[in-house]
Protein chains: 4
Amino acid sequence: MDLVIKGGKVITASDTYKADIGVRDGKIVMIADKIEEPAKRVVDATGKYVFPGMIDSHVHFELPFQGAVSGDDFATGTRAAACGGVTTVIDFAIQAKGEDILETVKKRMASADPKTYIDYSLHVAPTDVNKDVLAAIPELIKMGLPSFKLFMTYRKEGLISEDGDLFMVLREARKYNAIVGVHAENAYVLERLIEQFAGEGKTQCIYHALSRPNFVEAECISRGIKWAEEAGSRFYVFHVSTKEGAWEIAAARAKGLPVFGETCPSYLFFTEEKYKGENGPLYVLTPPLRTALDQEVLWRSIQMGTLQVVSTDHCPFQKAEKMRGKDDFRNTPNGLPCVETTLMLLHNDGVLKGRFDLQHLVAVLSYNPSVIFGMYPRKGTIAIGSDADLVVFDPEKEFTMSAAALHMNVDYSPFEGKRIKGMPVVTISRGDVIYENGEFKAEPGRGKFVKRYLPEALTTSPEPAVV
Amino acid sequence: MDLVIKGGKVITASDTYKADIGVRDGKIVMIADKIEEPAKRVVDATGKYVFPGMIDSHVHFELPFQGAVSGDDFATGTRAAACGGVTTVIDFAIQAKGEDILETVKKRMASADPKTYIDYSLHVAPTDVNKDVLAAIPELIKMGLPSFKLFMTYRKEGLISEDGDLFMVLREARKYNAIVGVHAENAYVLERLIEQFAGEGKTQCIYHALSRPNFVEAECISRGIKWAEEAGSRFYVFHVSTKEGAWEIAAARAKGLPVFGETCPSYLFFTEEKYKGENGPLYVLTPPLRTALDQEVLWRSIQMGTLQVVSTDHCPFQKAEKMRGKDDFRNTPNGLPCVETTLMLLHNDGVLKGRFDLQHLVAVLSYNPSVIFGMYPRKGTIAIGSDADLVVFDPEKEFTMSAAALHMNVDYSPFEGKRIKGMPVVTISRGDVIYENGEFKAEPGRGKFVKRYLPEALTTSPEPAVV
Amino acid sequence: MDLVIKGGKVITASDTYKADIGVRDGKIVMIADKIEEPAKRVVDATGKYVFPGMIDSHVHFELPFQGAVSGDDFATGTRAAACGGVTTVIDFAIQAKGEDILETVKKRMASADPKTYIDYSLHVAPTDVNKDVLAAIPELIKMGLPSFKLFMTYRKEGLISEDGDLFMVLREARKYNAIVGVHAENAYVLERLIEQFAGEGKTQCIYHALSRPNFVEAECISRGIKWAEEAGSRFYVFHVSTKEGAWEIAAARAKGLPVFGETCPSYLFFTEEKYKGENGPLYVLTPPLRTALDQEVLWRSIQMGTLQVVSTDHCPFQKAEKMRGKDDFRNTPNGLPCVETTLMLLHNDGVLKGRFDLQHLVAVLSYNPSVIFGMYPRKGTIAIGSDADLVVFDPEKEFTMSAAALHMNVDYSPFEGKRIKGMPVVTISRGDVIYENGEFKAEPGRGKFVKRYLPEALTTSPEPAVV
Amino acid sequence: MDLVIKGGKVITASDTYKADIGVRDGKIVMIADKIEEPAKRVVDATGKYVFPGMIDSHVHFELPFQGAVSGDDFATGTRAAACGGVTTVIDFAIQAKGEDILETVKKRMASADPKTYIDYSLHVAPTDVNKDVLAAIPELIKMGLPSFKLFMTYRKEGLISEDGDLFMVLREARKYNAIVGVHAENAYVLERLIEQFAGEGKTQCIYHALSRPNFVEAECISRGIKWAEEAGSRFYVFHVSTKEGAWEIAAARAKGLPVFGETCPSYLFFTEEKYKGENGPLYVLTPPLRTALDQEVLWRSIQMGTLQVVSTDHCPFQKAEKMRGKDDFRNTPNGLPCVETTLMLLHNDGVLKGRFDLQHLVAVLSYNPSVIFGMYPRKGTIAIGSDADLVVFDPEKEFTMSAAALHMNVDYSPFEGKRIKGMPVVTISRGDVIYENGEFKAEPGRGKFVKRYLPEALTTSPEPAVV
């Protein structure tokens, strides 16, 4: 064996058991109560959990946005991710207006390839849905990119897809079993509300939330689902933030539609109360933070399986950049740093608070994004033949969140001072121990692009037997 | 190793991969790309699937009912089950009126223990919900029996529980995390319809279906769910037969209620057209067979996760007993033989016809009943430390259904002549090869009572990523 | 003219206008801005409203129940009714077990005929739904009795109809365009709850409410609607008391089902808080009083048209009889006196508080019960050719409720001390002024049985244009 | 009396009775079984119905649209309307881009005033929702114009209001109890579909329907309702054409929202099969014709009260203009001639076929539009003090539809050759007999602008007692 992880409690999406794990050539080759075979390298996981590495299916590295650039590039971002137990990320290839979309993808891969420490992929994000874009879809899928993201908002930023654009992409996607995700906020209504508030001098942070009320998101999710239903396509809602949004997804799923959704730690851990404090701008993102009731419904939606994925929407900006919006929220670039902290946060507030169990944690962070976005069975599970992307997680180790103690390239942490229990101590990517007890041990560029593939029927897993 | 299964494709509820499986002391101890270690016994599974043994959570052995006794006793029944890939069954302990319910259970276990070839458990079925029964619930749970069945029908047979009875059982069950299942058909309405038809001389087989129309089941499911919702209890619907019934369950689940349901092969493979033929009585069971549309919705409900379990409701009667109802369906004892054939039927019509994949097959036949009824992680999966209850399944082997070629103690097969592809070739129970290529090799009484336990939160598995 | 009502504001279900009304031979023959023609009798209605007389479609006169007899007989009851603006009542003919139901009706009419001061009819209430009862339905309808009431509760009292009984009545009713109403409370569940509470010594008044929780009514309404839907029959829910019950009706109506409902003043004016006071027993009725939220939903359900009728469920018992239940609510006969006060209460709390307008008041108290129960166009409107059943209502006259100042034969008023504005000052029945400014001027027996008739399609009225 | 209508059967939204009607100074002043008083003019209505004149709340006179001008101007249009039993029309004041909206209204009134034969009003239709338009709303309401129409479609034609525009108008309307109606079709999706079909050479008439599938309307209605719900405003859907659209409205109403809807005769009488024939272009309108199932649901939605109004959407173009689209539906101006024929058509296919009764006919054609758009009690009923806008309708008179026999300024009839029974024989506007037995007897300009007013609570009418 190249590597044996000994004595840990193995957690997959469906099972929990104590076992040793043997790795050869970057793949898992043995799981046994005791592996006697000699190994080049042994990691002792006694008293610890062994998870499949987290798949963060929603990150924004080196993204120029609203007058700033997100703080992590593919190097710092994937390094911090690995420190937090992430072994695969999916970023975005966002088309510039008029740009050949195959070019968009190639440029983005060229940025990522020399820098990433862990494996990665991209969601393709057209912003100009013309005939060429529609014609490129089969080619993109052949390249291993069967997931698309459309913005149903950001009209002024030039990112918006109108309903007709979305519908055409869904119809093409349907032909090739691809999945289409959206940023769902009604641009036309929120712009009017911002305009009205601004006209009344209401530009303090709380108006960021008030100008994008829950119904602005819920209507948009409802609409997107309608188009997907008509097109017969898989549909994915990024960063669901509202209870009403979650309910739209629940209703669609009860009808048997292949509609999926994620939420992100910002919505699970913070409420719009943050916008009333001095540091409000540090918490500005879109969709905005909501109320405690929305938060509770989001947690329950994860528990019930209405939302299948928790991703991070990692998009950090420096404190000074964020605070530009102190007097006018419109001057703050949107986004928060989360890629490194989500696994430990979900363990602490999800598992330890009894909201779901360890298998469910693995489902939402690893297995489900792998299946939904087409990396399964290579990623997302602990099984013979799968990539040895593993995290040894110490459930007893305590940690106090702070920007200083974390590895993301951002000078503040929205969780500063939060005390949690349980954190990753070893991260293994394709059999390589790349992070161990605080030390990072890999070279940039070792991460590889993951060609993804979605079959006609998604590989399914059992229905949850949730109380 | 005591036993190694070599070269098979291992299927669990969440994963599919090629691996050898090593067994020691009746438990799975190793899963690896190649097990080199010597083994007392090797089963070659090259080119075959290795499933966790099927858990048939709904069988009726040696049941006196409607003037006959179901044809299989615990011996013939569990032997046939094993030949069909079943490694655990759950039968029922049905209280006689006035009987101490603990006594009911003990008597039933005394019947089963010396005869069973495979492991078994019992659902407790009170028919006289008085204070003593309610008081016995914690004791029953301590004995490992955390599941109850109530009949919302069979009034004349003295089995019925009225709504108040059901509600009281649900409230007690809630306290101990038990699950309560029901036979859902409105007795009062169906009796009136039978009476009316009989008064008009309409007693041919088709009137069995017409006197129990879809709404008689759907109303009853709706009502049961209401009581369960109020009591806060887990709820399970046995043998869902109608589209409307499935929709009631879907709606409850969309609200986040812990409501579960099963259907059975009779409803998936036959329609009420059978009642119009000469052999109609052979297909009489309750609820009755339905239309092709109901059938399609039931298949889709399995696919969507609305119905989590397929059990057999095995309850065979001899041809002569069934045909007593040739002129009057009321003279036919209800029930069909299915325990041996369900795994292969579901593989043939479920997997091969593209309705769901192999993992989903394992979920509905093994993993889900195990989790829902409290046998997990001992049963229902292939993982280190779990019982080595395994089935080697040859996906290429073809078979023509016939009573003669099957092992159930019944002189006809409702599937007579049906050609299927894929069947179990080896069945292993706690590491013992008890059935191999047509030969059965075990002693009665080797099967053990399985103490079951339901935790406060059911062990959950990932949400299916169904198309 | 025999009678002219001059100068009033005429209110019908659809119109409001100032006009004189001319009456000849008990019928309305002229409506005009000014009637010049000489009249034998003139009633000055200047500054007042002229309503069609209220039709109270739910009263219980001289009813032996739970060890007492309701205080008003057909004489005192209809006299008090007339004083309160009621010109027609519908009481019940409740079958004694085993009794020929045509006999039941005849006996009830024989009691009523010599005593009533105003016109009346009866709902037929079978309690023993055998073949004879089903066979009698066309005869009953021919007699002018196209409405039935079944008790889905009162099992111990021997009144209950099981689901099969209800379903058979609905199917027969369907054939003759009859309407079937129910008292909807699940007997089996409430009995268990009462038994449990009683076993714990919990027999104070508040346990009357707690043993019949909202879901006991809502489940029963839901179930009744299902049977009616299957039977294709018109369905009516008496005394809806819960928000959940109202929602069930709203959902049925949104599907286009001919489902109708009423509520009663007790539920609109009192909450279960009453049961916590010393005089709790005075407020015991079934279904019991509910919470303030239920109350608000009931008001809104009237406003929205979900509930089309307000009736009184008048069933008075003397204070001493009611107070028998001081220590054990089971000793209190159920019912409250309301027949005289409902018109003024609904005007005061409905119209004056802005919940609905005058036309809506006429709709729920006169027009709708007339149409739904088959008295239209003879009753329920002010139109040429209709019976001159009219009420002159003084919107400025104030009144303080008290048993002493009212005419019902009961020694307390649940509304004692309540100050209201607006009350009837003149009541006219078929052109006869029978009540005028506190004086009652008619002979018993002048009231007539109203033969009712329901057409295949109910005479419809416009959809409300409600805000 | 100035006028007495003798011996007719008077029909209002809630009542039917035989009576004479007396008119003085243009108002109804007497309704009686027999009016003896001498009259300047007597109309004999023996054996006939007397309806309140129809209020057609959706007509387009002299509208320049898609390269043509609708054939009827305010003179020919209102004359034809009167011949068909219409006594009031509501046309539109459609803002030109950049135009002061008060100016828009004044110009439109200037066109109408000298020409109309019957009373009229206008819906205000902003196409450029800027601050000035929002600021003008209270002024418009003061002018008697409390209803607005926004186009959620016609993007290329420059008429579209985006969601933010609609939401702002709804919020302003809410403050003044106004009502906002929409043309609901998703412009972005239908444009894409048209573009795609055109690209494939599919421009035959049937592609007009196929490029605007049901969901294009239903989504848009769903969305509009969401904004109205959030704004708290009354909402009206013009020309509902699909079953799904009707269901959206039914669902909103079941929640108690003040959402209203109309359909038009084209959708009730024709299906998309028309587009397959040679004369397809003659039937092109938007939304397009649908299937027979949609048609049936629309009829039932009228019956159930989901749709409260039937208007005509009268917008005639000459045959040659229509046939320009013979090879490409995009060249056909949208619209059909209906103002003259709708009352008789609805009587023939609604009342005579048993879909609803005469009162219901009056409700949807007269009473409901009057109440919903603020003309009540002046218009829409037969009551003392209301305008004497009356139609004498001969239920026995038969008629064969033909362009030649009708009075609209258009050279074809979509109903050519249809045989109907029952038609208006006399039309009376404010007491003037303007049409009698085929002769038209009035001067242009006699029609008056009707100042409308919507109270905080709409005047309500009783809930329909529909089977």
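Residues numbered from 1 in each chain as written. Chains lettered and ligands numbered in written order. Predicted model: local features only at pLDDT ≥ 70, side-chain atom pairs only at ≥ 80, totals over all residues. Heavy atoms only, no water.

1. Examining the overall build of chain A
Part 1: From N to C terminus, chain A includes 13 helices and 19 strands.
Part 2: Over its C-alpha atoms, taken along the principal directions, chain A stretches across nearly 70 × 50 × 45 Å.
Part 3: Here chain A holds 467 residues, and the buried ones make up 71% of them.
Part 4: A total of about 14200 Å² of accessible surface is found on chain A, and carbon and sulfur atoms cover 49% of it.
Part 5: Charged side chains of chain A number 55 positive and 62 negative; the gap between the two group centres comes to 1 Å. (Helix = DSSP H or I, 4+ residues; strand = E, 2+ residues; numbered from the N terminus. Buried < 20%, exposed > 50% of the residue type's maximum accessible area, 1.4 Å probe, protein only. Areas by Shrake-Rupley, 256 points an atom, 1.4 Å probe, with all protein chains shown as cover. Lys, Arg positive; Asp, Glu negative; His and termini not counted. Charge placed at Lys NZ, Arg CZ, Asp CG, Glu CD.)

2. Notes on the packing of helix α12 (residues 342–351) of chain A against helix α13 (residues 358–373) of chain A
Residue and element names in this part refer to chain A.
Part 1: α13 packs onto α12 with a crossing angle of 145° between their chain directions and a minimal axis gap of 10 Å. Crossing of α12 against α13: the hand is right-handed. Taken together, the residues of α13 that come into contact with α12 (itself represented by Thr342, Leu343, Leu346, His347 and Val351) are Leu358, Leu361 and Leu365.
Part 2: Residue classes in the contact of α12 with α13 are distributed as 6 nonpolar, 2 polar and no charged. (Axes fitted to C-alpha atoms, helices over the stretch in contact; angles between N-to-C directions. Left-handed = near helix turned anticlockwise from the far one by under 90°. Contact = heavy atoms within 4.5 Å. Nonpolar A, V, L, I, M, F, W, Y, C, P; charged D, E, K, R; others polar.)

3. Some details on the nonpolar core
Part 1: Judged by nonpolar contacts, the single largest core of 234 residues is most densely connected at Phe51 of chain A together with Phe51 of chain D.
Part 2: Sequence-distant contacts of Phe51 of chain A, defined by excluding residues within four places in its chain, comprise Ile11, Leu343, Leu358, Leu361, Val362, Ile382, Asp389, Leu390, Val391 and Phe393 of chain A.
Part 3: By size, the runner-up hydrophobic cluster in this structure holds 231 residues, among which are Leu140, Ala231, Cys338 and Ile434 of chain C. (Core = buried A, V, L, I, M, F, W, Y, C linked by side-chain atoms within 4.5 Å.)

4. Quick look at the environment of Pro455 of chain A
Part 1: Note that Pro455 of chain A resides in the segment after β19 (439–440).
Part 2: In this structure Pro455 of chain A touches Asn177 and Arg234 of chain A, once residues within four positions along its chain are discounted.

5. Section: the environment of Leu210 of chain C
Residues and elements named next belong to chain C.
Part 1: Within the secondary structure, Leu210 sits in helix α6 (residues 206–210).
Part 2: A relative accessible area of 39% places Leu210 in the partly exposed class.
Part 3: With 80 residues separating them along the chain, Leu210 and Arg290 place their C-alpha atoms 9.5 Å apart.

6. Observations concerning the side chain of Thr286 of chain C
Residues and elements named next belong to chain C.
Part 1: By the element assignment, Thr286 lies in the loop between α9 (265–269) and α10 (292–304).
Part 2: At 2.5 Å, the side chain of Thr286 and the side chain of Tyr154 are in polar contact.
Part 3: In this structure, Thr286 is in contact with Tyr154, His183, Glu185, His208, Arg212, His239, Tyr267, Asp313 and Asn334, ignoring residues within four places of it in sequence. (Polar contact = N/O pair within 3.5 Å; in protein donor to acceptor, adjacent residues only side chain to side chain.)

7. Observations concerning the pairing of strand β17 (residues 419–429) of chain D
Residue and element names in this part refer to chain D.
Part 1: For β17, the buried fraction is high: 9 of the 11 residues fall into the buried class.
Part 2: With 8 bridges joining them, strand β16 (residues 390–400) and β17 adopt antiparallel strand pairing. Opposite Glu398, over in β17, you have Lys421 as the bridge partner.
Part 3: Where β17 lies against strand β18 (residues 432–436), 4 bridges are found, and the strand directions are antiparallel. Paired with Thr427 across the bridge in β18 is Tyr435.
Part 4: Between β17 and β18, which pair antiparallel in sequence order, lie 2 residues; one of them, Arg430, sits at a positive phi of approximately 45°. (Pairing = 2+ DSSP bridges.)

8. Considerations on unusual backbone geometry
Part 1: Cis peptide bonds are those with omega within 30 degrees of zero, and the linkage from Thr286 of chain A to Pro287 of chain A qualifies with -10°.
Part 2: Following Tyr376 of chain C, the chain continues into Pro377 of chain C via a peptide bond in cis, with omega recorded as 5°.
Part 3: Within the secondary structure, Pro377 of chain C sits in the loop between α13 (358–373) and β16 (390–400).
Part 4: Of note, His239 of chain C is a non-glycine position whose phi angle comes to about 30°, a positive value.
Part 5: Note on placement: His239 of chain C falls in the loop between β13 (234–237) and α8 (243–254).

9. Notes on the packing of aromatic side chains
Part 1: Tallied over the entire structure, the rule returns 88 aromatic pairs over all chains.
Part 2: Between the aromatic rings of Phe51 of chain D and Phe393 of chain D, the centroid separation amounts to 5.2 Å while the plane-to-plane angle is 50°, which identifies the pairing as tilted. Remark: Phe393 of chain D occurs in strand β16 and Phe51 of chain D occurs in strand β5 (residues 49–52); sequence separation between them is 342 residues.
Part 3: The buried category is assigned to Phe51 of chain D, whose relative accessible area is 2%.
Part 4: Residues Phe269 of chain D and Phe415 of chain D carry aromatic rings whose centres are separated by 5.8 Å and whose planes lie at 80° to one another, so their mutual orientation is edge-to-face. Taken together, the positions of Phe269 of chain D in helix α9 (residues 265–269) and Phe415 of chain D in the loop between β16 and β17 put the pair 146 residues apart, joining distant regions of the chain.
Part 5: Members of the aromatic cluster, connected to one another through ring pairs, are Phe269, Phe270, Tyr283, Trp299, Phe356 and Phe415 of chain A.
Part 6: The positively charged end of Lys149 of chain B is found above the aromatic ring belonging to Phe92 of chain B, 4.6 Å away from the centroid.
Part 7: In this structure, Lys149 of chain C packs its charged tip against the face of Phe238 of chain C, placed 4.8 Å from the ring centre. (Phe/Tyr/Trp six-rings, centres within 6.5 Å; stacked < 30°, edge-to-face > 60°. Lys NZ or Arg CZ within 6 Å of the ring centre and 35° of its normal.)

Purely geometric stuff here, so don't read any function into it on its own.
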